[in-house]
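Spelled out, the chains give:
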Amino acid sequence: MPSEREPTGHFAIRLLDEASSDSDSEVSYDYKRVQMATVLQQYAWDMSGDSSDEESCFSDSKIHQRVASLEQDMANIQQEEMEALRSSQSRVDSLQTFLTKDSMTKSRSEQVLQAIRQQHQAAYLRDQAAVQAVEQEMEMKMKAKRAEEEKKKQKEEAERQRQEEEQKRRQAAEEERLQELKKQEERRVQEQKELEEKEKEAYRLVQISEPDATAYRQRQAAVLQEYNTSLKAFCEDASMKDARRGIKKFVTLSVQQISATQEQVNKKSNSLLHFLSEQHDLQRKFSLVTLASKMLSQCEVQITRLHSFAFPLGEVSVSIGRQYPEFLNILVGMLHNECPLSIPLVFRPGHKGSKDVKYFRAMRFRVETTEASSVSVENEEEYVGRLQGYIRLYAAILQNDSPAKDFGMSEAWSYVALLLNGIPSSRYSASALDAFLSIAGFKMYTRFRRQFEKLLAYVTAYFLQDLKDTNDPDANAVAARLESYIQSKVFLQPPEGRSMPVRDESSYSRA
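Residues numbered from 1 in each chain as written. Predicted model: local features only at pLDDT ≥ 70, side-chain atom pairs only at ≥ 80, totals over all residues. Heavy atoms only, no water.

A.B. asks: Please clarify how the layout of surface pockets should be interpreted in this entry.
C.D. replies: Within this model, the second largest pocket holds a volume of roughly 310 Å³. Every residue lining the second largest pocket is counted, 17 residues in all, and those nearest its centre are Ser 438, Ile 439, Val 490, Pro 495 and Glu 496. Put simply, the parts of the chain that give the lining of the second largest pocket at least two residues each are helix H13 (427-448) and helix H15 (476-487). Here the lining of the second largest pocket takes 5 residues from H13, the largest share from any one element. (1 Å grid on protein atoms, 1.4 Å probe; cavity = no way out; pocket = protein on both sides within 12 Å on 5 of 7 lines; lining within 4 Å. Points joined across faces, edges and corners; volume = space filled by probe spheres on them. Helix = DSSP H or I, 4+ residues; strand = E, 2+ residues; numbered from the N terminus.)

Right under this line is the structure:
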């Protein structure tokens, strides 16, 4: 409403201005439009009655213009309101259409969902039915399989029982067969024993030796056995391998350098004695055993080719034996093992004179077994040559002018006596006697004189006669040599090689 100071016409114009300026607000504009119509109506009343001069200053034309403008604006507003209403109606229609469509879509979705649920339900029922069918089928198959396995087990059990019964029958049959074989083997062994007993009666390998010779042999054998036993651990000790190699090298070289001169014999004897003095306990024992073995090996290498070489070897052996008495026991013990006739000891074959491998091995023939399992035996000429080599070394040790204890002329006389009285005449015993007398006969004669001549007379009268009675053609040569030795009195002269020169004059002349 206009204030008391503001004229009605001014207030109406201000309202028109405000209405035109607030046209963006539909609520305030409608309100002001109604308010303006009321003011204009009041203003018209005021104009028809008493009005002041101040209000009359507004011309009617201006009012009409403003009213016309206002009405135009109202028409525009109404137009806009209609368009807005139509737009709103269109949106409402669209919304209704959308809602209608959405409702239809929702209905159709529910229908589709219902159909899907029904399909799923049907599929589930089909699957359940299929699963049940498969389970039933599997159950049937399992039952059939169990029935088949049970049937198979029963069949296997029946087969196993059958096999066990068959195995038992076979075992029983095998036991019966083994028992029968055992009985047959026992019968065969018994028959073999009986046959062997019969064979032993017909062919018995008899050791022929005097008791004194056996006791003499056992003495050297005991010393050799004691040394071999004590050296077993030393020979197996890997840490002493270099020491053993050094000993073997020195001893082998020293033995090989022995020659038939007094100078060389003394040199090698002193060298070996000095070497032995530097050894201790087991090393010294090993050195003595090695030296004895190397000395013995010269019987085959040197003495069988050059009979006089027995003297320098015997001289060195006696020199060592005087300082180390056990050395000669070891050497002679090895000699007895390689040559039983050095004891003397021989073995007699069967009554038919047959000789087998056992006999040859006992007499120390070289026996070899070939790849074809056949046996090769050393021929008698080679055997006799080796035998005489061993006997010559033994004789050279006993005939030494400065003998070692228990290895002198007494042992030489005992050996010849045992050889003549203890064993029968044969090519082997005659060969041993020939070799021994060729080396020790001169020394035995100078020592025993008349007794030695009687001994040789016994050889001629009995030993050689028994040898001829054997009718062994291979013994004729050795028998002739013995007869020539006795008849020619070869024993009166020292044998070749016994008196060794002081030195090798040829080496000095060459120098």
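The structure having been displayed, the exposition proceeds.
A.B. asks: Please clarify how helix H7 (residues 282-303) should be interpreted in this entry.
C.D. replies: Along an α-helix, residues three or four positions apart point the same way, because every turn accommodates 3.6 residues. Counted at 1.5 Å a residue, the expected span for H7 with its 22 residues is 32 Å, and the 30 Å between its end C-alpha atoms agrees. At Ser 297, H7 shows its maximal bend, which comes to roughly 30 degrees. Residues of H7 that are buried: Phe 286, Ser 287, Leu 288, Val 289, Thr 290, Leu 291, Ala 292, Met 295, Leu 296, Gln 298, Cys 299 and Ile 303. (Expected span 1.5 Å × (residues − 1). Bend = angle between axes of the 7 residues up to and from the residue. Buried < 20%, exposed > 50% of the residue type's maximum accessible area, 1.4 Å probe, protein only.)

A.B. asks: Would you mind showing me how to read the packing of H7 against helix H9 (residues 326-338) here?
C.D. replies: The packing of two helices is summarised by the inter-axis angle and the distance between the axes. Taken N-terminus to C-terminus, the directions of H7 and H9 make an angle of 45 degrees; their axes are 9 Å apart at the nearest point. Here H7 is positioned oblique relative to H9, judged by the angle of their axes. Considering how the two elements wind past one another, H7 and H9 form a crossing that is right-handed. Here Leu 288, Val 289, Leu 291, Ala 292, Ser 293, Met 295 and Leu 296 of H7 come into contact with H9, specifically with Glu 326, Phe 327, Ile 330, Leu 331, Met 334, Leu 335 and Glu 338. Class assignment of the residues belonging to the contact of H7 with H9 gives a composition of 11 nonpolar, 1 polar and 2 charged. (Axes fitted to C-alpha atoms, helices over the stretch in contact; angles between N-to-C directions. Parallel < 35°, antiparallel > 145°, perpendicular 65-115°, else oblique. Left-handed = near helix turned anticlockwise from the far one by under 90°. Contact = heavy atoms within 4.5 Å. Nonpolar A, V, L, I, M, F, W, Y, C, P; charged D, E, K, R; others polar.)

A.B. asks: Could you clarify how one ought to interpret unusual backbone geometry in this entry?
C.D. replies: The bulk of non-glycine residues show a negative phi, and the bulk of peptide bonds are trans. Along the chain, Ile 343 connects to Pro 344 via a cis peptide bond; the corresponding omega equals 5 degrees. Looking at the element boundaries, Pro 344 is found in the loop between H9 and strand E2 (346-348).

A.B. asks: Please clarify how the packing of aromatic side chains should be interpreted in this entry.
C.D. replies: Aromatic ring pairs: the centre-centre distance and the angle between the two ring planes describe each pair. Inspection of the entire model under this criterion finds 15 aromatic pairs. Ring geometry for Tyr 394 versus Tyr 415: centroids 5.8 Å apart, planes at 90 degrees, classification edge-to-face. With Tyr 394 in helix H11 (residues 380-398) and Tyr 415 in helix H12 (residues 409-421), this residue pair connects regions lying 21 residues apart in the sequence. Given the relative accessible area of 1%, Tyr 394 is considered buried. Looking at Tyr 415, the relative accessible area reads 2%, which means it is buried. With centroids separated by 5.1 Å and ring planes inclined at 55 degrees, the aromatic side chains of Tyr 445 and Phe 491 adopt a geometry described as tilted. Highlighted residues: Tyr 445 in helix H13 and Phe 491 in the loop between H15 and helix H16 (505-510), separated in sequence by 46 residues. When its relative accessible area of 13% is taken as the criterion, Tyr 445 is described as buried. Sitting over the ring of Tyr 227, Lys 285 keeps its end group 5.3 Å from the ring centre. (Phe/Tyr/Trp six-rings, centres within 6.5 Å; stacked < 30°, edge-to-face > 60°. Lys NZ or Arg CZ within 6 Å of the ring centre and 35° of its normal.)

A.B. asks: What's the story with the pattern of salt bridges in this structure? I'm lost.
C.D. replies: If the charged atoms of two oppositely charged side chains come close together, the side chains can form a pair. Evaluation of the coordinates by the stated rule reveals 20 salt bridges. Put simply, Arg 450 and Glu 453 hold a salt bridge, and the shortest N to O gap is 3.3 Å. Of this pair, Arg 450 and Glu 453 both sit in helix H14 (residues 450-469), 3 residues apart, roughly one helical turn. Residue Arg 450 is classed as exposed on the basis of its relative accessible area, which comes to 55%. Ionic pairing is found between Lys 468 and Glu 483, a salt bridge with its closest N-O pair at 2.7 Å. On the criterion of sequence distance, the pair formed by Lys 468 in helix H14 and Glu 483 in helix H15 is long-range, its members being 15 residues apart. By relative accessible area, which is 43% here, Lys 468 ends up partly exposed. Taking relative accessible area as the criterion, Glu 483 reaches 25% and is therefore assigned partly exposed. (Salt bridge = Lys/Arg side-chain N within 4 Å of Asp/Glu carboxyl O.)

A.B. asks: Looking at this model, I keep getting lost on helix H5 (residues 241-256). Mind explaining?
C.D. replies: A rise of 1.5 Å per residue sets the reference length of H5, with its 16 residues, at 22 Å; its end C-alpha atoms lie 22 Å apart and thus fit the reference within 8%. Taken as a whole, H5 has its buried residues at Arg 244, Ile 247, Val 251, Ser 254 and Val 255. Looking down the long axis of H5, one finds its buried residues gathered within 105 degrees of arc, a one-sided arrangement. Residues Asp 242, Lys 249 and Gln 256 are exposed on H5 and point more than 90 degrees away from its buried face. (Arc of directions from axis to C-beta.)

A.B. asks: Teacher, can you tell me more about empty space enclosed by the protein here?
C.D. replies: Over the atoms rolls a probe the size of a water molecule, and in doing so it shows where empty space is left. Enumeration over the complete set of coordinates arrives at 2 cavities of 30 Å³ or more. Within this model, the second largest cavity holds a volume of roughly 30 Å³. As for the second largest cavity, its lining consists of Glu 338, Cys 339, Pro 340, Met 363, Arg 364, Tyr 383, Arg 386, Leu 387 and Tyr 390. The greatest single-element share of the lining of the second largest cavity, amounting to 4 residues, is contributed by H11.

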